[in-house]
Amino acid sequence: MLVILKRNAEEISLQAAQLVASAVRKNPALALGLATGSTMVSVYKQLVALHQQGSLDFSRVVTFNLDEYLGLPAAHPQSFHHFMHENLFAHVNVNPGNIHIPDGTIGGDYDQYCASYEQAIRQAGGIDLQLLGIGRNGHIGFNEPTSSIGSRTRLKVLSKETLDDNAKSFAPGEESPRCAITMGIGTILEARKVLLLAAGASKSSAVAKSIEGPVASAVSASALQLHPDVTFIIDDAAASQLTQRDYYLRVLEMTALLTPDRLR
Ligand code: F6R
C-alpha cells in the first residue's frame, strides 16, 4: 500500500489525473474503472484538459463505472450516467461502445444483469486501473458497511448515512434512490491497480480505519489492505486521524528516489 499525502483536493486531483494519464499512455487500450462523486469532478477536469491539449487519447480506452442508482434513467440529472457524460465522456474521444455503466432501469432479474456486467469486465481482460472515492462510512462503490469482502456486482440497499449524503444532491422533496447496482468488493479487489482518493475532514475517520484499522466488513475500504497494488491519495484534512503520517512521508521520499514511476 502506498499513501500519498497532499495538501488539498486540487493537489489530489492533479496527482490522480497524472497517474491515470500515464497508465493510458503506457497502455492505450487500458480498461479503466471509474467512480462518480464530488472528489472525481476535478480529476475528470484535469483529464479533459490533457485530452484537449492533445496529450491524452481515449479512443481505445474501455471504461467500467462502479455503480448506478436503481430507478434512475440515464438522462436523469442525478444519474451516474449523466454525471459521467457531463464531467468526462462528452469532452474526450472515448468510443461510446467502450463505455460501461450499470443500468439503473433494469427490472426483474437483477442477478442475471449483474452477472452480465461481471462478464463484460472479464471479456475486456479485467480492469487495469480502478479509481475509487470513499464514503464517510468507508464505502467504496456502494458497498455499504457489512458488505461481504468477496461480494460481486449486485443490487445493494443504501445505508442511512449514504441516503443522507445523497439527499443533498436531489431537489427538495424529491425522493432519492434507496438502492443501487454496484460492483462488489471482490470485483474491485480483482482490478490490477487501485487508486483511492479522499479529501476533507469528513473522510478522516473512514480513511484512518481503512489504512490503519483491521480488515473488517464494517469498513469496506479496509478490504483494500488485501490488494497488492493500492495507492491512497489523500489531503491533509482527510489524513488528520492517521497515526503513521511521518512514516508515509518517509516512504514517499524514498519512492521518489527509488521507484519514481509509482508517483507519475
Ligand atoms: C461513486 C461511488 C462512491 C463515492 C463516494 C465518495 O461512484 O462509488 O463510493 O466515490 O461516496 O463520494 P464523494 O466524492 O462525493 O465524497
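A brief look at the structure comes next.

About the criteria used
- Residues numbered from 1 in each chain as written.
- Predicted model: local features only at pLDDT ≥ 70, side-chain atom pairs only at ≥ 80, totals over all residues.
- Heavy atoms only, no water.
- Phe/Tyr/Trp six-rings, centres within 6.5 Å; stacked < 30°, edge-to-face > 60°.
- Helix = DSSP H or I, 4+ residues; strand = E, 2+ residues; numbered from the N terminus.
- Buried < 20%, exposed > 50% of the residue type's maximum accessible area, 1.4 Å probe, protein only.
- Near = heavy atom within 4 Å.
- Polar contact = N/O pair within 3.5 Å; in protein donor to acceptor, adjacent residues only side chain to side chain.
- Areas by Shrake-Rupley, 256 points an atom, 1.4 Å probe, with all protein chains shown as cover.
- Salt bridge = Lys/Arg side-chain N within 4 Å of Asp/Glu carboxyl O.
- Pairing = 2+ DSSP bridges.
- Core = buried A, V, L, I, M, F, W, Y, C linked by side-chain atoms within 4.5 Å.
- Contact = heavy atoms within 4.5 Å.
- Axes fitted to C-alpha atoms, helices over the stretch in contact; angles between N-to-C directions.
- Parallel < 35°, antiparallel > 145°, perpendicular 65-115°, else oblique.
- Left-handed = near helix turned anticlockwise from the far one by under 90°.

Overview of the packing of aromatic side chains
Then, in step 1: What the rule picks out here adds up to seven aromatic pairs.
Then, in step 2: For the ring pair Tyr44 and Phe83, a centre distance of 6.4 Å and an interplane angle of 70 degrees mean the geometry is edge-to-face. Here the residue Tyr44 occupies a position in helix α2 (residues 38–52), and Phe83 occupies one in helix α3 (residues 80–87), the gap between them amounting to 39 residues. Considered together, Tyr44 and Phe83 belong to a single accessibility category, that of buried residues.
Then, in step 3: Between Tyr69 and Phe142, the aromatic rings sit 5.7 Å apart at their centres with planes inclined by 35 degrees, giving tilted as the arrangement. One end of the pair, Tyr69, is in strand β4 (residues 67–69); the other, Phe142, is in the loop between β6 (129–132) and β7 (154–157), with 73 residues separating them in the sequence.
Then, in step 4: We classify Tyr69 as buried; its relative accessible area is 5%.
Then, in step 5: Among the aromatic residues, those joined into a ring-pair cluster are Tyr69, Phe80, Phe142 and Phe170.

Brief notes about the site of the ligand
Then, in step 1: Looking at the ligand, there are 14 residues lining it, with Thr39, Asp67, His139, Gly141 and Lys203 nearest.
Then, in step 2: Contact distances for the ligand include 2.4 Å between an oxygen atom and a side-chain N or O atom of Thr39.
Then, in step 3: His139 has a polar side-chain atom sitting 2.7 Å from an oxygen atom of the ligand.
Then, in step 4: When the ligand is considered free in solution it has 410 Å² of accessible area, and contact with the protein chains removes 86% of it.

Brief notes about the pattern of salt bridges
Close approach of charged atoms allows side chains of opposite charge to pair.
Then, in step 1: By the definition in use, this model includes 11 salt bridges.
Then, in step 2: With a shortest N-O distance of 2.8 Å, Lys160 and Asp164 are connected by a salt bridge. With Lys160 and Asp164 both in helix α5 (residues 160–167) and four residues apart, this pair spans about one turn of that helix.
Then, in step 3: A single salt-bridge network, built from bridges that share partners, covers Arg136, Glu161, Asp165 and Lys168.

So, the pairing of β6
Then, in step 1: Residue alternation in β6 divides its side chains into two sets, Leu129 and Leu131 and Gln130 and Leu132, and both sets are buried.
Then, in step 2: Bridge count between strand β2 (residues 31–34) and β6: two bridges; the pairing is parallel. If you follow Leu32 over to β6, its bridge partner there is Leu129.
Then, in step 3: By the bridge criterion, four bridges tie β6 to strand β9 (residues 193–198) in an arrangement that is parallel.

Re the nonpolar core
Then, in step 1: The biggest cluster of nonpolar side chains holds 74 residues, and the ones touching the most others in it are Leu224 and Ile234.
Then, in step 2: Here this core gets eight residues from one element, more than from any other, and that element is helix α1 (residues 9–26).
Then, in step 3: Those residues within four positions of Leu224 in sequence are excluded, and the remaining contacts are Leu132, Ile140, Ile188, Leu189, Val194, Leu196, Val230 and Phe232.
Then, in step 4: Counting eight residues, the second-largest nonpolar core is a separate cluster that includes Tyr69, Phe80, Leu163 and Ala180.

Digging into the packing of α1 against α2
Then, in step 1: Across the interface, α1 lies against α2 with an axial gap of 8 Å and an inter-helix angle of 50 degrees. Here α2 runs oblique to α1, going by the angle between their axes. Here α1 and α2 pass one another in a crossing that is right-handed. Together, Ser13, Leu14, Ala16, Ala17, Val20, Ala21 and Arg25 of α1 and Ser42, Val43, Gln46, Leu47 and Leu50 of α2 make up the contact between the two elements.

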